[in-house]
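What follows is each chain in one-letter form.
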Amino acid sequence: MSSEEYPITDLLITGTEINYLFICPTKLWYFAKGITMEQENEWVDLGRFLHEQRYANEEKEVLVGSIKIDFIRRGDTIEVHEVKLGKSMEKAHEMQALYYLYYLKKLGIKAKAVLHYPKLNETKEVTLDGREGEIEKAIKEVERIKSLPAPPKPVKSKKCLKCAYYELCWV
Amino acid sequence: MRKRSLTLLSDGTLFRRENTLYFENERGRKPLAVEGIYDIYIYGHVTITSQALHYLAQKGISVHFFNHYGHYDGSFYPRESLNSGDLVIRQAEHYLDREKRLKLARLFVRGSALNMERNLRRWKVNDGFSEELRELLEELEGARKITEVMNVEARIREAYYSRWDGHLPEGFKIVKRTRRPPENEMNALISFLNSRLYATIVSELYNTQLVPTVSYLHEPGERRFSLALDLSEIFKPIVADRLATRLVTKRMLSKEHFREELNGVLLTKEGMKKVLSEYEKELTKSVKHPELKRNVTKKRLIRLEAYKLIKHLVGVKEYEPLVAWF
Ligand code: SF4
């Protein structure tokens, strides 16, 4: 797959959507349709709180087109920073960061990403190098799921127990 | 922190100073932790400052107002923060498509009726109701117009009331269900509870992406949250009717808790207090949910009903109204 496939003007999906794709397609569908859960918001609040405490001096919530980056550091290369609560969804976080890098690359900006896990006192670096295909596949899949007339059938897993959509999915 | 409903029965003023909300009356000034408030129910004569309203709007807290009789007057429903264009369209689609609308309307009536049946069995006054109901439900399935659905509903209700009375103590018979103004104690009590239940449902809908004014059994109204009326059909028997019955059979309420006015019977302040505290208790009671395999409060069941409706609208699963298993 060539990386010419997605001109920047077609990249309308958000980082959260890429993230949710790797958590659960059902959740992605509901979220993309604006059907969100209030616990989700509390969770976001907690994230924001952690964020504000710890990264008070950074350039925060930087909006670039359809993506919103937690914060950015400018040095020799631009660093995209994402703050996450726990590591159980690591793959999803990584793909979200990759998507940002892919997006920025389209704009001609070379960057690398750093995932922060303040509660665990850990960071993880992510670079795009050669992973364009992976992210393009993910973008395609997000678009496919969003275009479905009804949400994909939920699949019960351990994730569901902590998911804000639990009641909606299983009632 | 679990958010709670705040009920104001006494007269006073609700205002904001800095980041605190206060309620002040002749007994003093009380700070209210806004973060812990889910919604507010006002029965007293309360003055609210616009700053307080701004603050409540910002926090997404609805405020429901009740009149002298304890009947619902209206709500301060903050600008909706949860929106889903997609869901709005589907809600409208299910209204505009006659078959789809009829289906939902029938389901609300059916759920309501089965909950009434459940009550009569519990109270051991079923007395042929089930047989009568089977026939009425069959008629319901054949109903081709909303007016026909409504008509069947009225007949079910009538059959229900006539038996329910058999379980109520002397002096608290419903006899004839009257609404505004209520003619006797039991009618006053049921109306009072139904009003509160309706407002509770409005609050729950506020916390979903459902548009409260697009409904199926009741005509969508500009000035009332008619979807809350639809949902209240399901919950009236299992919340309001049961509670009303318990309050009078267990003698928690007596004639002294009512007073007669020119326009009918109403609960006294003491009576309202008693009823509202029992109502809160009732809604925070948990039951084990058979599908979710979790304990959920009775209040949460209202939210779950809204979720089931959302799933019906987006085409995941056909709506099946809650029939009390408890
Ligand atoms: S409850 Fe489970 S299936 Fe439903 S959205 Fe959450 S993770 Fe997905």
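Residues numbered from 1 in each chain as written. Chains lettered and ligands numbered in written order. Predicted model: local features only at pLDDT ≥ 70, side-chain atom pairs only at ≥ 80, totals over all residues. Heavy atoms only, no water.

Looking at the overall build of chain A
Across its full length, chain A holds seven helices and five strands. From first element to last, N terminus to C terminus, chain A shows the α and β order α-α-α-β-β-β-α-β-β-α-α-α. Taking all 171 residues of chain A together, the buried fraction comes to 45%. Intrachain contacts of chain A at a sequence separation of at least 6 include 67% that bridge at least 24 residues. In the structure as shown, chain A presents an accessible area of about 8,900 Å², 53% of it carried by carbon and sulfur atoms. (Helix = DSSP H or I, 4+ residues; strand = E, 2+ residues; numbered from the N terminus. Buried < 20%, exposed > 50% of the residue type's maximum accessible area, 1.4 Å probe, protein only. Contact = heavy atoms within 4.5 Å. Areas by Shrake-Rupley, 256 points an atom, 1.4 Å probe, with all protein chains shown as cover.)

Things to note about the nonpolar core
Grouped together as the largest cluster of nonpolar side chains are 140 residues, with contacts concentrated most on Tyr99(A), Ile156(B), Trp164(B), Met186(B) and Leu189(B). Shared between two domains, this core holds at least three residues of each, these being domain 1 (4–66) and domain 2 (85–314) of chain B. Here Trp164(B) is in contact with Leu120(B), Trp123(B), Ile174(B), Met186(B), Ile190(B), Asp241(B) and Thr245(B), once residues within four sequence places are set aside. (Core = buried A, V, L, I, M, F, W, Y, C linked by side-chain atoms within 4.5 Å. Domains from an automatic or database assignment.)

Some thoughts on the interface of chain B and chain A
In this assembly, 23 residues from chain B lie in contact with 20 residues from chain A. Summed over both partners, the interface of chain B with chain A buries about 1,900 Å², with 52% contributed by carbon and sulfur atoms. Of all residues in chain B, the largest losses of buried area upon contact with chain A belong to Leu292(B), Arg294(B) and Tyr307(B), amounting jointly to 28% of the total for that side. Inspection of the chain B/chain A interface yields one salt bridge. A salt bridge links Glu167(A) to Arg300(B), with the shortest nitrogen-to-oxygen separation between them at 2.6 Å. In this assembly, chain B and chain A are joined by 11 residue pairs in polar contact (both at pLDDT 80 or more). Elements with a contribution of two residues or more to the side of chain B that touches chain A: helix H2 (85–96), strand E12 (294–297) and helix H9 (298–314) of chain B. The element contributing the most residues to the side of chain B that touches chain A is H9(B), with eight residues. (Buried area = accessible area lost by both parts, 1.4 Å probe. Salt bridge = Lys/Arg side-chain N within 4 Å of Asp/Glu carboxyl O. Polar contact = N/O pair within 3.5 Å; in protein donor to acceptor, adjacent residues only side chain to side chain.)

Structural notes on the pattern of salt bridges
Going through the model one piece at a time under the given rule, you end up with 35 salt bridges over all chains. Where Lys236(B) meets Glu233(B), a salt bridge forms, and the shortest distance between an N and an O atom there is 4.0 Å. Highlighted residues: Lys236(B) and Glu233(B), both in helix H7 (residues 226–249), separated by three residues, approximately one helical turn. In this structure, a network of salt bridges that share partners links the residues Glu90(A), Lys91(A), Glu94(A), Lys124(A), Arg131(A) and Glu134(A).

A look at the sheet that holds strand E3 (residues 20–25) of chain B
Residues and elements named next belong to chain B. One open sheet holds the four strands; their spatial order is E4-E3-E2-E6, and the pairing between them is mixed. Two strands close off the open sheet at either side, each with one partner strand: strand E4 (28–32) and strand E6 (46–48). Neighbour-to-neighbour, the strand axes of this sheet turn through a mean angle of 25°, independent of strand direction. Taken together, the three bridges between strand E2 (residues 12–17) and E6 define a ladder with parallel strand orientation. Following the sheet pairing, Gly12 is matched in E6 by Val46. Across the sheet, helix H1 (residues 50–58) is in contact with E2, E3 and E6; its angle to E2 comes to roughly 65°. (Pairing = 2+ DSSP bridges. Axes fitted to C-alpha atoms, helices over the stretch in contact; angles between N-to-C directions.)

Some remarks on the domain arrangement of chain B
Residue and element names in this part refer to chain B. Split by domain assignment, chain B resolves into domain 1 (4–66) and domain 2 (85–314). The C-alpha centroid of domain 2 is placed 28 Å from the C-alpha centroid of domain 1. Contact with domain 1, which involves 12 residues of that partner, is made by 17 residues of domain 2. For the pair domain 1 and domain 2, the summed buried surface comes to about 1,200 Å²; carbon and sulfur atoms form 55% of the total. The interface formed by domain 1 and domain 2 contains zero salt bridges. The interface formed by domain 1 and domain 2 includes 10 residue pairs in polar contact (both at pLDDT 80 or more). Where the side of domain 1 that touches domain 2 is concerned, the elements lending two or more residues are strand E1 (4–8), strand E5 (37–42) and strand E7 (62–66). Split by residue class, the side of domain 1 that touches domain 2 holds five nonpolar, five polar and two charged. (Nonpolar A, V, L, I, M, F, W, Y, C, P; charged D, E, K, R; others polar.)

A look at the site of the ligand
Residues and elements named next belong to chain A. Taken together, Cys24, Lys27, Pro154, Val155, Cys160, Cys163, Tyr165, Tyr166, Cys169 and Trp170 make up all the residues around the ligand. Take the shell around the ligand: its biggest share by element is three residues, from helix H7 (residues 166–170). Grouping the amino acids of the shell around the ligand by side-chain chemistry returns nine nonpolar, no polar and one charged. (Near = heavy atom within 4 Å.)

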